[in-house]
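Listed here are the chains, written in short residue letters.
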Amino acid sequence: GARNLKGNEAEEILKAANLNGLSQVFYSSDTGLNLVIKDGAKFVPNPEADVTKEVLDYLMQQHSYGNKDTRTGKALEKRFGGLGYGWDRDILLLVLAVLFRAGSIEVSHKGQRFDSYQNPNSRQPFTSNPAFKSALFTPVKPIGLSTLKQAVENYEELMGDTVDMEK
C-alpha cells in the first residue's frame with residue numbers, strides 16, 4: 001500500500017465522470033494498485049484489489065461485531081498507519097474512496113449518511129482531515145458485478161443511452 005501520491009487522488013476518483021484518465025496509481029502497473037479495472041469497454045472500481053480487500057474485510061469484521069469506534073477515520077488511520085501497514089493517510093483515503101465509488105461502503109458524517117459518491121457533500125470526509133477523522137465508514141452488501149452488468153446492459157438496450165456501471 002505504500003505509493004507516492006499527490007494527495008488529491010481520493011477526490012480525483014470521486015469527481016471523475018469516467019475512470020479511464022486517472023493517475024497511474026489507479027491501474028495495474030508497477031506504480032499502480034489495480035484499483036480500477038477494465039470490464040468490457042468500461043473502466044470500473046475494483047473492490048477486489050489487494051489493498052481495498054484488506055480495508056473492506058476489516059470494516060466488515062468490525063461492523064459484524066457492532067463496533068463503530070473502530071470504523072472512524074481516526075481509528076482506521078491509526079490501524080493502517082501503524083505497525084504492520086505503515087500507510088499514510090492519502091493511501092487510506094484513496095482506498096476508501098475507491099470502495100465508496102464501488103458502492104462497497106457508506107460514509108456517515110455530521111449526522112448525514114452518504115451512499116452515493118455523486119453527492120458533492122459526500123466528498124468532504126475524503127478532502128478534509130477533520131471531517132475524515134470523525135467520519136464513519138460502514139460496509140454495505142454490494143450488488144454482484146454480474147447482476148450490475150446485466151442491469152446496465154438492459155438499461156442501455158431499453159433507453160439507447162450508455163451509463164456507467166456503478167450502483
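Structural notes, computed from the coordinates. Fair warning: this is a prediction, and the values are worked out from it, not measured in the lab. (Residues numbered from 1 in each chain as written. Predicted model: local features only at pLDDT ≥ 70, side-chain atom pairs only at ≥ 80, totals over all residues. Heavy atoms only, no water.)

### Section: the side chain of Q62
- Mapping Q62 onto the fold places it in helix α2 (residues 50–64).
- A polar contact is formed between the side chain of Q62 and the side chain of N67, at a distance of 2.7 Å.
- Those residues in contact with Q62 that lie beyond four places of it in its chain are N67, T70 and R71. (Helix = DSSP H or I, 4+ residues; strand = E, 2+ residues; numbered from the N terminus. Polar contact = N/O pair within 3.5 Å; in protein donor to acceptor, adjacent residues only side chain to side chain. Contact = heavy atoms within 4.5 Å.)

### Structural notes on the sheet that holds strand β3 (residues 105–109)
- Strand order in the open sheet made by the three strands is β4-β3-β5, with antiparallel pairing throughout. What marks the edges here is a single partner per strand, and that holds for β4 (112–114) and β5 (136–139). Adjacent strand axes in the sheet meet at a mean angle of 25° when their direction is disregarded.
- In this sheet, β5 lies alongside β3 in antiparallel orientation, the contact comprising four bridges. (Pairing = 2+ DSSP bridges. Axes fitted to C-alpha atoms, helices over the stretch in contact; angles between N-to-C directions.)

### Looking at the packing of aromatic side chains
- Enumeration over the complete set of coordinates arrives at eight aromatic pairs.
- For the pair Y85 and W87, a centre-to-centre distance of 5.3 Å together with 75° between the ring planes defines the contact as edge-to-face.
- Using a relative accessible area of 26% as the deciding quantity, one classes Y85 as partly exposed.
- By relative accessible area, W87 is classed as buried at 11%.
- Centre to centre, the rings of F100 and F126 are 5.6 Å apart; their planes meet at 20°, and the pair counts as stacked. Taken together, the residues span a long stretch of sequence, with F100 in helix α4 (residues 89–101) and F126 in helix α5 (residues 124–127) at a distance of 26 residues.
- F100 gets classed as buried once you look at its relative accessible area, which sits at 1%.
- Of the aromatic side chains, those joined through ring pairs into one cluster are Y58, F80, Y85 and W87.
- It is R79 that lies over the ring of F80; its NZ or CZ is 5.5 Å from the centre. (Phe/Tyr/Trp six-rings, centres within 6.5 Å; stacked < 30°, edge-to-face > 60°. Buried < 20%, exposed > 50% of the residue type's maximum accessible area, 1.4 Å probe, protein only. Lys NZ or Arg CZ within 6 Å of the ring centre and 35° of its normal.)

### Notes on a nonpolar patch on the surface
- On the surface, Y155, L158 and M159 cluster together into a nonpolar patch covering about 350 Å² of accessible area.
- Note that Y155 resides in helix α7 (residues 145–159).
- Look at Y155 and you get partly exposed, because its relative accessible area is 36%. (Patch = residues over 30% accessible without salt bridge, like charges linked within 9 Å, V, L, I, M, F, W, Y side chains within 5 Å. Areas by Shrake-Rupley, 256 points an atom, 1.4 Å probe, with all protein chains shown as cover. Salt bridge = Lys/Arg side-chain N within 4 Å of Asp/Glu carboxyl O.)

### Observations concerning the packing of α2 against α4
- Axis separation between α2 and α4 bottoms out at 9 Å; the angle between their running directions is 80°. When the interaxial angle is binned, α2 and α4 end up roughly perpendicular. Together, V51, T52, V55, L56 and L59 of α2 and L92, V95, L96, V98 and L99 of α4 make up the contact between the two elements.
- Broken down by class, the residue content of the contact of α2 with α4 amounts to nine nonpolar, one polar and no charged. (Parallel < 35°, antiparallel > 145°, perpendicular 65-115°, else oblique. Nonpolar A, V, L, I, M, F, W, Y, C, P; charged D, E, K, R; others polar.)

### Observations concerning the environment of L22
- Within the secondary structure layout, L22 lies in the loop between α1 (9–15) and β1 (36–39).
- When the C-alpha positions of L22 and L35 are compared, they lie 11 Å apart, and in sequence the two are 13 residues distant.
- Sequence-distant contacts of L22, that is, excluding residues within four places in its chain, are made with E12, I13, A16, Y27 and V36.

### As for the environment of Y117
- Looking at where Y117 falls in the secondary structure, it is placed in the loop between β4 and α5.
- Its relative accessible area of 8% is what places Y117 among the buried residues.
- Y117 sits 11 residues away from E106 along the chain, and the two C-alpha atoms are 9.2 Å apart.
- Side-chain polar atoms of Y117 contact the side chain of R101, separated by 3.4 Å.

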